[in-house]
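# Residue-level structure breakdown
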Amino acid sequence: MKRLLSLFILAILLCGCKKENDSPQWDIAILGPLFKTSLGVSDLVPDSLSHIDPDGAVTLVFDSNIYSTPIDSLFKINDTLQTTIYLSPGMVILQPGFIFYSQPNDLDLNLNNVELSGAIVKSGHARMFAKNHLPTPVIYTFNIPKATLNGVPFQRVQTLAAAPSGSYTVFDSTFDISGYTIDLTGTLGTDFNNLSYTVTGQTAPGGITVNLQPGDTVVDITSGFEALIPFYAKGYLGQGSVAGTGINYLATRKLDGGTILLDSISATLTFKNSVGADAQVLLTKMSAFNNQTGTTIDLVAPTLVNHVLNLNRATESGPPPSPVNSTYYSVQLDNTNSNIIALIESLPDRLEYDLNFNINPLGNVSGHHDFLYTDDLFDANLKINLPLRFAANQLLFTDTQALAAIDTSGDNNLGDGIFKLIAENGFPYELEIQLITLDENYNVTDSLFVPNTIAPAPMDGNFRAIGQKRTEFIIDLPVARRDKLLSAKFVAIRARFSTSGYPQILQIYSDYVLDLKLVGDFIYHIR
Amino acid sequence: MSLRGQTDLETSSHFMKDSMHSVLFNVSGNYFFGSDALTNEFASHYYLGKFIDEDLKDNVTKNLSSMNHFGGQALWDLSLTFHPDTGNNKVEAYIAYRSRVHSSSRFSKDFFEIFFRGNKMFAGETADLSDFSFQQFTYKQFVFGIGNEFSISGNGKLYVGVDLAINRGVSFLDVKTSDATLYTAADGEFIFADLHASIATDDSSGQHPSKLDGSGYSGDLYIEYETESSMLSFSVENYGSIVWNKWSTTVNLDSSFSFEGIEVRDLFDLEDSVKIRGANLDSMFYQNYVHDRKEGRVTTMLPMKISGFYTLYFNNRIVSATIGMDVLLNTNASNRYFAGLTYKINRSNQLGVNLAAGGYTTFHMGMGITHWFPWNVKLEVGSNYLYPMITYKSGKSQGAYLSLSKSF
């Protein structure tokens, strides 16, 4: 009896005391908001691309450079290296400190009909490759008397060690001449495109006396200039043409169908001449391509297309690098003088342009006083003012984006649940959004939100949205589906919208807002 | 059987009244859990880390009133009582080491439902979380005491004892709310919280070199007046505090806020917005709403008991009957009233039963047995909560005690 009682008491104290888990576990039902966002006009169109009228009407402003002439489109300076080898004509004695070689070089830059009197180097270098066959050290000096930087002429001095018996020593180096102002009028000052320099050779004053035999190599040197690109050039820029093609890709390439009707549009094509020379520009073609539909529409605008436009020469506001006074020529396009509306309504994903610039059509009228800065030559700029006043029918926007990797270790506590997407639509557009999750091989794993449509906001008699229209979607999200969503690598977005009362044209106002909120109603496992 | 074993802070008799012995060595331990709402089954599942299903919650919900309580304690104690003056058996000294864990709470019905079922059931309603309190202390005590026996009249003896305990705090958590409500919109679109609360806790990183996070002092007072036929006892136990070190944290919440979801600023930047890495409500809440966070010393009063009881002895002390009451202060408890009866079966065994109500729980009944082994070894074992423990699913308290002593 006593033992039984003891066992009973021990059992009371000890039984059931072993923990199953470190922490207690239970489930709770959570109902609450998770995420929210507001999409206004400023979210859909960056401020820099939009203009808002006093009444709130929004205009999309597309302002883009569509073409710039390349830096070397007018002329290009080729590399100029020349080799000089002198052999001893007889028995000659070279005393220490003796100048045995001094050779001026007048390089012709070979610029065709371009005649430059001066330039400022943007980048490039002089090069000297010398071999010393003499048994005494030799000093070579590279001078460009008419190339100055802060008033100091260019000069580099290099000493080559004495040649070993039966062999030679070598020096090969480049000297940066970026920033140097070069007078290209040659040693006489009357020439053009003439880059003169001298190389001198001298036996080292501390060296030995050299007795040369007939045929011994005295001078073995290659010198010149490589990769010269001017920052500024002056002179006569010659006659010639620059042909170019410009391409602009548009955000509409993500539009995958549907139609749009525009109310009005205005476009301004502006040509800029920053070259100190008269020019003409000819736009031979401007085409809009819609890759999705395969359609191409050419711009029809008699005042612009295949119409020669004269561009006056730019002027200098001061010595280089003072700002240039560029000249401009603008052509306005609208529905009265072009088919620009039809061109934009085709929802092009790219615009292509064929341009041709002719320089100095009247010849050297400036008397060698043309100029240019190579980083700013001819430009073409297209600015489109598109009032967001349109009618859209089943306009489909598609895109696929990668999803960030996510640490799912903390999500195991989420149980079955539903999520509710609440949309408060202030736009007079009917929206249909579908999110398609994809695996790493772009296979579809799930689809969210369909079949559901966000209803448009109601409108007043002036077709202006008043208030917001509420739509709720229920997304059933059991654990298995949630795991699929969390393991998705990509998400494809399909957003289709139509304006209310199509083809009624509606204006977008800056106070239109689409509010989205995601509410969770789910089980959470407390662990 | 001791009647000091349930909401007790002291398990063994404090005085060594047997004049034949000069040294008493005792080791004892007890635990209890009591509530006026939480069932034993629920508490056991919680403590043992088992899954708490809806049936378990329902059984608690049935018991919930507007304000509810629970409390619990685990204690073990090692003590030595002896007469420091071998020529005077009336003076005794007491040395003990105690390890204690105590937790208690006061909570509203809505608080329980929110905590264990979530806020969905309050859709369109306001949950009242006011007047919530939860505190938990883990600490150790080194106790030094002295007592004396006074002869008052013919056969009456007065025992007076005092202890001083040096307390070493291990951990604490003290959460209190005054006015606190949580409104959940009917469709879940927003949650509005009006929170006025304070949270104090020790330094969880253990920056103090000793790894002890606090220190303090407390005292006990025991007075017993005993005659041949009766005994009147009064005690004040564990009156004192712990000062937690300067790395303790106090957070005060006095704010009202509406949570409408994490704002996604750039919906089209899917790399960042569709899946939010590492976002959690804890950090959201902390960063946005908790501003008054202070680090510094915190003083907490310890759970303290005042008790008194009266015992009548019958039949040459073979039978005794006791009535009494005690109150636990600083720890969310109410007054407890108890009565007990002991019967000495023979030289070696004594059986006791007790009835009680109050403290943290409702009516409870227990039983204990004392067995004297040879060589002056005594074993006390039992539970004052046998009745609620037997009714495991609906019972709301449990506990057990064990004491082994040896006198010389």
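Above this text sits the structure in question.
Counting from 1, residues in each chain are numbered in the order their sequence is written. All chains are assigned letters beginning with A, and all ligands numbers beginning with 1, in the order in which they are written. Side-chain atom pairs in this predicted model are given and counted only at pLDDT of 80 or more, local residue features only at pLDDT of at least 70, and totals for whole chains, interfaces and linings cover all residues. Where side-chain values are given, they derive from all heavy atoms of the structure, hydrogens and water being excluded.

## A look at the interface of chain A and chain B
The following threshold applies: Whether two residues touch is decided by their heavy atoms; if any such pair falls within 4.5 Å, the residues are in contact. Buried area adds together the accessible area that both of two parts lose upon being put together, with accessible area traced by a 1.4 Å probe. The salt bridge definition used is simple: a Lys or Arg side-chain nitrogen within 4 Å of an Asp or Glu carboxyl oxygen.
Across the boundary between the two partners, chain A contributes 49 residues, which contact 46 residues of chain B. Roughly 4100 Å² is buried in total at the junction of chain A and chain B, and carbon and sulfur atoms are behind 61% of that figure. Of all residues in chain A, A:Trp26, A:Leu31 and A:Lys36 bury the most surface against chain B, accounting for 17% of the area lost on that side. At the junction of chain A and chain B, the tally comes to five salt bridges. A salt bridge links B:Glu189 to A:Arg470; the shortest N-O distance between them is 2.6 Å.

## Points about the packing of helix α2 (residues 54–61) of chain B against helix α3 (residues 109–117) of chain B
Residue and element names in this part refer to chain B. The cut-off we apply is this: A fitted line through C-alpha atoms serves as each axis, taken over the contacting stretch for helices, and the angle formed by two N-to-C directions is quoted from 0 to 180°. Starting at the N terminus, helices and strands are each numbered in turn, a helix being any DSSP run of H or I of at least four residues and a strand any DSSP run of E of at least two. Here roughly perpendicular refers to angles of 65 to 115 degrees, roughly parallel to angles under 35, roughly antiparallel to angles over 145, and oblique to all remaining angles. Each residue gets one of three labels, nonpolar for Ala, Val, Leu, Ile, Met, Phe, Trp, Tyr, Cys and Pro, charged for Asp, Glu, Lys and Arg, and polar for the others, Gly among them.
Between α2 and α3, the least distance of the axes is 11 Å, while the angle of their chain directions is 175 degrees. Considering the angle they form, α2 stands roughly antiparallel to α3. Of α3, the residues touching α2 (which contributes Glu54, Lys57, Asp58, Val60 and Thr61) are Phe112, Glu113, Phe116 and Arg117. Taken together, the residues of the contact of α2 with α3 sort by class into three nonpolar, one polar and five charged.

## As for the nonpolar core
Our working rule: We define the nonpolar core as a collection of buried residues of types Ala, Val, Leu, Ile, Met, Phe, Trp, Tyr and Cys that are connected through side-chain atoms lying within 4.5 Å of one another. Only protein chains enter the calculation, and the probe is 1.4 Å; a residue is then buried if its accessible area is under 20% of its type maximum, exposed if over 50%, and partly exposed in between.
Formed by 114 residues in total, the largest nonpolar core has its most connected members in A:Phe75, A:Tyr140, A:Phe142, A:Ile177, A:Phe225, A:Phe271 and A:Leu304. Apart from the residues within four sequence positions on either side, A:Phe225 is in contact with A:Asp79, A:Thr80, A:Leu81, A:Leu107, A:His125, A:Ala126, A:Phe142, A:Ile144, A:Ile177, A:Leu195 and A:Tyr197. Of all hydrophobic cores here, the second largest spans 18 residues; its members include A:Trp26, B:Ala43, B:Ile52 and B:Phe107.

## Here we look at unusual backbone geometry
Residues and elements named next belong to chain A. The step from Pro320 to Pro321 runs through a cis peptide bond, and the omega angle for that step is 5 degrees. Here Pro321 is to be found in the loop between β21 (315–316) and β22 (324–325). The linkage connecting Tyr502 with the following residue, Pro503, adopts the cis geometry, with an omega of 10 degrees. Relative to the helices and strands, Pro503 is located in the loop between β32 (490–499) and β33 (506–507). At Asn110, a residue that is not glycine, the phi angle is positive and equals roughly 55 degrees. Assignment of secondary structure puts Asn110 in the loop between β6 (99–108) and β7 (115–132). Looking at Asn110, the relative accessible area reads 49%, which means it is partly exposed.

## Topic: the packing of helix α1 (residues 40–48) of chain B against α2(B)
All names here are of chain B. Counted only if it meets this: Two helices cross in a left-handed way if the nearer one is turned anticlockwise from the farther one by less than a right angle. They cross in a right-handed way if the turn is clockwise.
It is at 9 Å that the axes of α1 and α2 come closest, and there the two elements cross at 130 degrees. One finds that α1 runs oblique with respect to α2. As for how α1 packs across α2, the hand of that crossing is left-handed. In contact with Glu41, Phe42 and His45 of α1, α2 contributes Leu56, Lys57, Asn59 and Val60. Of the residues that constitute the contact of α1 with α2, the class distribution is three nonpolar, two polar and two charged.

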